[in-house]
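# Structure at a glance
Listed below, chain by chain, are the residues.
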Amino acid sequence: KHAGKNGVKRYHASVDAALEEHKRLERDLRGALGRGELHLCYQPMFHLGSGQLLKAEALLRWRHPTRGWISPAEFVPLAEANGFILTLGEWVLQAAMAQARAWQGGQWPVRLSINVSPLQFAQPNFKETVLAALRDAQFAPQLLELELTESIVMRNPEIVRRNLQELRNEGITVAIDDFGTGYSSLSYLRDFDINTIKIDRSFVRDLSTPRHAPQYALALVEAIVKLAGSLDVELVAEGIESREQFELVRSLGCDVGQGYFFARPLSASEFARLLGREPRQPVTFERVREVLS
Ligand code: C2E
Ligand code: MG
Ligand code: MG
Ligand code: MG
């Protein structure tokens, strides 16, 4: 009984500490933007058939002054919970497009993928926010892709749908991220006009190192390939870490690949090095691996 009481006390103490830590991180994040602690990395995606560079995904990075690098998997949900993702997301749109515009210099059309929280999509003025960022950066809407996940329960699906439709009318493309892991991936396909499906990396990992019956992993990826083919959407495999996985997803019929096997997320200057000096010279993943090694 005595020990139990102590246990409860300890439990309360650790919950309090965790809450305190959570609040501190939240406060820090709000100031991080102004202090220049946030920046973007860019991870290339390649056409699996030709090996050619197709586009880059912008990924947030936070260097905390005392805690060091904090993963977006940790701080993005925090920002979604308190609404700060709206400010952060607008900054990401502006910063990523300005960067991609600087790379292309009017010559090399770097397509850009940007992660967008469902909370951003649910804002009635989201379309205006995106269009303003496009205008400021003088970035072509046809080169912009927005990645949508289901990280929180989607509010206002009607507004999301309208925003998506209007953005599609502007020439912007839309991808479903982490496909197969959420609760409503299939209903997204039904309800929204989607251009790209990104297969979650857990499916790619299971192809070469199955946690369950190996035939399941294969059957699932085959089914997604078939689905994408029938819907005429582009299929991207995330998280390709080995040549074996690369060859597997390519042979199964995935169009595009992303992962450490090709390149990790790169700093803006590293990415610029990949593009080379010669405009329109094809940039293949073989060349990228060479440049980065
Ligand atoms: P995501 O959009 O699915 O991004 C892909 C994640 O997989 C990235 O993690 C990337 O670094 C990682 N990755 C890429 N290739 C490999 C691989 O071969 N193996 C493994 N194990 N991982 C790989 P990251 O950068 O930590 O981002 C985590 C998540 O945070 C993203 O997942 C995205 O949901 C969210 N996120 C990142 N930046 C933003 C942003 O600007 N806005 C919003 N709303 N969310 C963001
Ligand atoms: Mg993504
Ligand atoms: Mg993903
Ligand atoms: Mg993810």
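Structure report, in brief.

Each value, and the rule that gives it
Residues numbered from 1 in each chain as written. Chains lettered and ligands numbered in written order. Predicted model: local features only at pLDDT ≥ 70, side-chain atom pairs only at ≥ 80, totals over all residues. Heavy atoms only, no water. Helix = DSSP H or I, 4+ residues; strand = E, 2+ residues; numbered from the N terminus. Buried < 20%, exposed > 50% of the residue type's maximum accessible area, 1.4 Å probe, protein only. Contact = heavy atoms within 4.5 Å. Donors = N, O, S within 2.8 Å, 3.2 Å for Na, K, Ca; no water. Pairing = 2+ DSSP bridges. Phe/Tyr/Trp six-rings, centres within 6.5 Å; stacked < 30°, edge-to-face > 60°. Lys NZ or Arg CZ within 6 Å of the ring centre and 35° of its normal. Polar contact = N/O pair within 3.5 Å; in protein donor to acceptor, adjacent residues only side chain to side chain. Core = buried A, V, L, I, M, F, W, Y, C linked by side-chain atoms within 4.5 Å. 1 Å grid on protein atoms, 1.4 Å probe; cavity = no way out; pocket = protein on both sides within 12 Å on 5 of 7 lines; lining within 4 Å. Points joined across faces, edges and corners; volume = space filled by probe spheres on them. Nonpolar A, V, L, I, M, F, W, Y, C, P; charged D, E, K, R; others polar.

## With respect to the environment of A133
- For A133, the location among the structural elements is in helix α5 (residues 126-137).
- For A133, a relative accessible area of 3% puts it in the buried group.
- In this view, A133 contacts L93, Q94 and M97; residues no more than four positions away in its chain are not counted.

## A look at the coordination of the magnesium ion (ligand 3)
- The magnesium ion (ligand 3) binds to the protein through D177 (OD), D178 (OD), E238 (OE) and E238 (OE); the donor distances cover 2.0 to 2.6 Å.
- Counting gaps between the donor residues of the magnesium ion (ligand 3) yields the pattern D-D-x59-E.
- Here the magnesium ion (ligand 3) and the magnesium ion (ligand 2) are spaced 4.0 Å apart, and both take D177 as a donor. Note that D178 is positioned in strand β6 (residues 173-179) and E238 in the loop between β8 (234-237) and α10 (243-252), a separation of 60 residues in sequence.

## What about the pairing of strand β7 (residues 196-199)?
- The two faces of β7 match: T196 and K198 on one face and I197 and I199 on the other face are all buried.
- As paired elements, β6 and β7 share three bridges and run parallel to each other. Residue pairing across strands places F179 opposite I199, the latter belonging to β7.
- As judged from the four bridges shared by β7 and β8, these two strands associate in the parallel manner. Bridge pairing in β8 places I197 opposite L235.

## What to know about the coordination of the magnesium ion (ligand 2)
- Within the protein, the magnesium ion (ligand 2) binds to E57 (OE), N115 (OD1), E147 (OE) and D177 (OD); these donor distances fall in the range 2.0 to 2.2 Å.
- In terms of primary sequence, the donors binding the magnesium ion (ligand 2) are separated according to E-x57-N-x31-E-x29-D.

## Notes on the packing of aromatic side chains
- Scanning the model with the defined rule gives 14 aromatic pairs in all.
- Seen in terms of ring centroids, F246 and F261 are 5.5 Å apart; in terms of plane orientation they differ by 25°. Their pairing is stacked. Of this pair, F246 sits in helix α10 while F261 sits in the loop between β9 (256-257) and α11 (268-275); the two residues are 15 residues apart in sequence, bridging distant segments of the chain. Assigned by exposure class, F246 and F261 land together as buried.
- An aromatic cluster of three or more residues is present, and its members are F46, F246, F261, F262 and F285.
- Over the aromatic face of F261 sits the side chain of R289, whose NZ or CZ is 4.4 Å from the ring centroid.

## Considerations on the side chain of K55
- Among the structural elements, K55 can be located in strand β2 (residues 53-64).
- Side chain to side chain, K55 and E234 meet in a polar contact 2.6 Å long.
- When near neighbours in sequence (up to four residues on either side) are disregarded, K55 contacts Q43, P44, M45, R111, S113, E145, T196, E234 and V236.

## Quick look at the nonpolar core
- Ranked by internal contacts, the top residues of the largest apolar core, which has 83 residues, are M97, I114, L146 and F271.
- In terms of residue count, helix α3 (residues 85-104) provides more of this core than any other element does, eight residues in total.
- Ignoring anything within four residues of it in the chain, the contact list for M97 reads L112, I114, V130, A133, L134, A137, F139 and L144.

## Focus on the layout of surface pockets
- In this model, the largest pocket occupies a volume close to 1200 Å³.
- What lines the largest pocket is a set of 40 residues, and nearest its centre among them are E57, L59, N115, D177 and D178.
- Elements supplying a minimum of two residues to the lining of the largest pocket: β1 (38-47), β2, α2 (72-82), α3, β4 (111-116) and β6.
- Taken together, the residues of the lining of the largest pocket sort by class into 16 nonpolar, 13 polar and 11 charged.

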